[in-house]
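Secondary and tertiary structure notes
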Amino acid sequence: MRYFCFILFLVLSWSSNAQEIITFKKYEELEKYLDENKTQPLVVNFWATWCAPCVKELPYFEQLNKENKSVKVITVSLDFEKDFDTKLKTFLNKKKYTFITTFLAAKDYNNWISKVDDDWSGSIPATLIINGDKKIFVEKDFSSFEELNNHVTKSINQ
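Everything numeric in this text was worked out from a predicted model, so none of it was measured.

**Quick look at the overall build of the protein chain**
Helices and strands together make up the secondary structure of the protein chain, namely six helices and six strands. Reading the protein chain from its N terminus to its C terminus gives the helix and strand order α-β-α-β-α-β-α-β-α-β-β-α. The 158 residues of the protein chain split such that 44% are buried. Taking contacts inside the protein chain between residues at least 6 apart in sequence as the whole, the part at least 24 apart equals 72%. Of the roughly 8,900 Å² of accessible surface on the protein chain, a fraction of 55% belongs to carbon and sulfur atoms.

**Describing the sheet that holds strand 2 (residues 42-47)**
Within the open sheet, the six strands sit side by side as 1-4-3-2-5-6. Their pairing is mixed. In the strand order of this sheet, the two ends are held by strand 1 (21-24) and strand 6 (134-138), each with one partner. Ignoring strand direction, the axes of neighbouring strands in this sheet form an average angle of 20 degrees. By the bridge criterion, four bridges tie strand 1 to strand 4 (residues 100-104) in an arrangement that is parallel. Bridge pairing in strand 4 links Ile 21 to Thr 101.

**Quick word on helix 6 (residues 145-157)**
Compared with the 18 Å implied by 1.5 Å per residue over 13 residues, the 18 Å span of helix 6 between its first and last C-alpha is a close match. For helix 6, the full list of buried residues reads Phe 145, Leu 148, Asn 149, Val 152, Ser 155 and Ile 156. Take helix 6 and look down its axis: the buried residues cluster within an arc of 135 degrees, on one side only. What points out from helix 6, more than 90 degrees from its buried face, is the exposed set Glu 146, Asn 150, Lys 154 and Asn 157.

**Re the state of the cysteines**
Taken as a whole and assessed by the stated rule, the structure comprises one disulfide. The disulfide partner of Cys 51 is Cys 54, and the gap between their sulfur atoms is 2.3 Å. On the sign convention where negative is left-handed, the bridge of Cys 51 and Cys 54, at about 75 degrees about the S-S bond, is right-handed. Under the relative-accessibility criterion, Cys 51 is labelled buried at 5%. Take Cys 54: its relative accessible area is 0%, and that puts it in the buried class.

**What about the pattern of salt bridges?**
Once their charged atoms are close, side chains differing in charge can pair, the charge on each being opposite to the other. This structure, assessed with the given rule, holds ten salt bridges. Lys 25 is paired through a salt bridge with Glu 81; the nearest N and O atoms lie 2.8 Å apart. In this pair, Lys 25 sits in the loop between strand 1 and helix 2 (27-36) while Glu 81 sits in the loop between strand 3 (72-77) and helix 4 (84-95), placing the two residues 56 residues apart along the sequence. Residue class for Glu 81 comes out partly exposed when judged on its relative accessible area of 43%. Bridged by salt links that share partners, the residues Asp 35, Lys 38 and Asp 133 form one connected network.

**Quick notes on the nonpolar core**
Among the nonpolar cores identified, the biggest contains 50 residues, and Phe 46, Leu 104, Trp 112 and Trp 120 are the most heavily contacted of them. Contacts of Phe 46, omitting those with residues within four sequence positions, involve Leu 30, Cys 54, Val 76, Leu 78, Trp 112, Val 116, Trp 120, Ile 124, Pro 125, Ala 126 and Leu 128.

Rules and cut-offs
The numbers attached to residues start from 1 for each chain and follow its sequence in the written order. In keeping with the predicted nature of the model, local features appear solely for residues at pLDDT of at least 70, side-chain atom pairs appear and are counted solely at 80 or more, and the whole-chain, interface and lining totals rest on all residues. The basis for every side-chain value is the complete set of heavy atoms in the structure, and neither hydrogens nor water enter the calculation. To qualify as a helix, a DSSP run of H or I must reach at least 4 residues; to qualify as a strand, a run of E must reach at least 2; elements of each kind are numbered from the N terminus. Relative accessibility thresholds used throughout: buried, under 20% of the residue-type maximum; exposed, over 50%; partly exposed, between the two (1.4 Å probe, protein chains only). Pairs of residues are marked as contacts when any of their non-hydrogen atoms sit within 4.5 Å. Calculation of accessible area relied on Shrake-Rupley with a 1.4 Å probe; when residues are assessed, cover is drawn exclusively from the protein chains displayed. We treat two strands as partners when DSSP finds at least two bridges between them. Axis definition: a line fitted to C-alpha atoms, limited for helices to the stretch in contact. Angles are taken between N-to-C directions and run from 0 to 180 degrees. In this scheme, a helix's expected span is set at 1.5 Å multiplied by one less than its residue total. The arc in question is the one spanned by the directions pointing from the helix axis to the C-beta atoms. The disulfide definition used here is simple: a pair of cysteine sulfur atoms within 2.5 Å. The term salt bridge refers to a side-chain nitrogen of Lys or Arg lying within 4 Å of a carboxyl oxygen of Asp or Glu. For the purposes of this section, nonpolar cores are sets of buried Ala, Val, Leu, Ile, Met, Phe, Trp, Tyr and Cys residues that join through side-chain atoms within 4.5 Å.

Pasting the structure below:
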């Protein structure tokens, strides 16, 4: 019985620390979610666990989320659906990020990439800054928190 209680405690502890991942099957669902959350400027980062530059810059988005309360940070994982539990959830649970994480299962990239930005080649990492009806798209990785924060601040104040 004591062993069972210990295992139950571990499972509940682990699951309570697990980051919630909001899943969208279609891009239009993500688009609607972003529209509903435009009460403050949004910093939307497209990334995947298999993308080294994406993973490298995620701590900058975490710091932005914690330090810049004037924006809402939302990340959009483009991981493969088959890797959702084994890679994406495991990675996020290990890192314990506090930003909002979404998962876009829609892999019909050619049908929705241009809806994010007409000039997006589809490479990641990529970041979309939404401030009201104004959108600024950046198809590159940020080399530091300062670079990201400066770019976000400048974009919002334009």
